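Observations on the model geometry
The lines below spell out each chain.
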Amino acid sequence: MKYENLLIDEEDGILTLTINRESALNALNTQTMLELQHFFGENGPSTKHLKGVIVTGAGKKAFVAGADIKEFLALDAESGAEMSQRGQDVFFLIENFPKPVIAAVNGFALGGGCELAMACHMRVASEDAKFGQPEVNLGIIPGYGGTQRLIQYIGKTKAIELLMTGDMIGADEAWRLGLVNHVVPHDLAVEKAKEILNKIAKKGPIAIQKVIEAVNAYFQYDQDGFDAEVEAFGDTTDTEDFKEGAAAFIEKRKAEFKGR
Ligand code: COA
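What you see is a predicted model; the values in this text were computed from it and never measured.

Taken together, 17 residues are adjacent to the ligand, and K61, A65, A67, I69 and K70 come closest. Contact between the ligand and A65: a nitrogen atom at 3.0 Å from a main-chain N or O atom of the residue. K70 is positioned with one of its side-chain polar atoms (N or O) 3.2 Å from an oxygen atom of the ligand. Relative to its free-state accessible area of 860 Å², the ligand is covered by the protein chains to the extent of 61%.

What follows is the structure, encoded as structure tokens:
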């Protein structure tokens, strides 16, 4: 697929994916969602060799300012529910992606933008980033998982307040609430995300994939997170990497992981 709204740049095993609709503050229109679905789906480019993916927004002002409101006007109950389901499915692809995905939030992360950041495994915010779920201002609610993931990250008390008021919060408050992992000076969000991915790349890649699976299982009501952890742990112990990692520890040397 040829991407119109995603810029892809790969360097040193780290793929930076930039939502590139700066004139609309990178709002997620249907085309952009299709491109994200393709990229993170099974027909997307091979990412096996990658350390991870960084998701960010073009320009200095916005990460993503939401779903594209200009496409909203024609929605009815049926097409609205379909849009929400499709959006959730795309963001589940990101949440379940087998390589670490970090959002480098470089400005407004509102509505679908906040939901996109929350679907990533971690969030690094620049100090002037702003987060919020302002959908109630439009008379709708978040439809791409925002009502669920916001509670997962910051708890019901603050989540329901932000969801009901539509208030925006700054990066420092987002950090205090547990919504973001790190706050850095503007322009350094991608750099910080790279630093984290380079650190993770020294660990066993299968173990990292299994961390993603086991942590995500905690939030699946049809799965028992502890059972999933048992299974994932068993899978990791059955790898060459685990034998190498354990041997390296005992021999007091650095492990050489092969992803097998
Ligand atoms: N969908 C479509 N277009 C959007 C958009 C969105 N979610 N957010 C911003 N844009 C467009 C604006 O319409 C404007 O386009 P125009 O120049 O053709 O008029 C352009 O991006 C710049 O936005 P503007 O509102 O002029 O910038 P601002 O600095 O005054 O305000 C925001 C920035 C983020 C506060 C404001 O754009 C906003 O509130 N956006 C909507 C946020 C939202 O409700 N998101 C949830 C959607 S469900």
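Now that the structure has been shown, we can carry on.
We now examine the packing of helix α3 (residues 112-119) against helix α4 (residues 146-165). Two elements in contact, α3 and α4, have axes separated by 10 Å at closest approach and are oriented at 55°. Considering their axes alone, α3 and α4 lie oblique with respect to each other. Relative to α4, the crossing made by α3 is left-handed. Residues E115, M118 and A119 of α3 form the contact with α4, whose own contacting residues are G146, R149, L150 and Y153. Its residues placed into classes, the contact of α3 with α4 shows 4 nonpolar, 1 polar and 2 charged.

On the surface, K199, K202, K203 and K254 cluster together into a positively charged patch. Note on placement: K254 falls in the segment after α9 (240-250). The exposure class assigned to K254 is exposed, which follows from its relative accessible area of 67%.

Next up on the list: the pattern of salt bridges. Within this structure, the stated rule accounts for 12 salt bridges. For E95, the salt bridge is made with R149, and the minimal N-O distance between the two is 2.9 Å. Of the two residues, E95 sits in helix α2 (residues 77-95) while R149 sits in helix α4, which places them 54 residues apart along the sequence. Grouping residues by exposure puts E95 and R149 together as buried. We note a salt bridge from R260 to E240, for which the minimum N-O separation is 3.2 Å. Here the residue R260 occupies a position in the segment after α9, and E240 occupies one in helix α9, the gap between them amounting to 20 residues. Of the residues examined, R260 reaches a relative accessible area of 48% and is grouped as partly exposed. The network of salt bridges with common partners includes K210, E213 and D235.

Calculation notes
Residues numbered from 1 in each chain as written. Predicted model: local features only at pLDDT ≥ 70, side-chain atom pairs only at ≥ 80, totals over all residues. Heavy atoms only, no water. Near = heavy atom within 4 Å. Polar contact = N/O pair within 3.5 Å; in protein donor to acceptor, adjacent residues only side chain to side chain. Areas by Shrake-Rupley, 256 points an atom, 1.4 Å probe, with all protein chains shown as cover. Axes fitted to C-alpha atoms, helices over the stretch in contact; angles between N-to-C directions. Helix = DSSP H or I, 4+ residues; strand = E, 2+ residues; numbered from the N terminus. Parallel < 35°, antiparallel > 145°, perpendicular 65-115°, else oblique. Left-handed = near helix turned anticlockwise from the far one by under 90°. Contact = heavy atoms within 4.5 Å. Nonpolar A, V, L, I, M, F, W, Y, C, P; charged D, E, K, R; others polar. Patch = residues over 30% accessible without salt bridge, like charges linked within 9 Å, V, L, I, M, F, W, Y side chains within 5 Å. Salt bridge = Lys/Arg side-chain N within 4 Å of Asp/Glu carboxyl O. Lys, Arg positive; Asp, Glu negative; His and termini not counted. Charge placed at Lys NZ, Arg CZ, Asp CG, Glu CD. Buried < 20%, exposed > 50% of the residue type's maximum accessible area, 1.4 Å probe, protein only.

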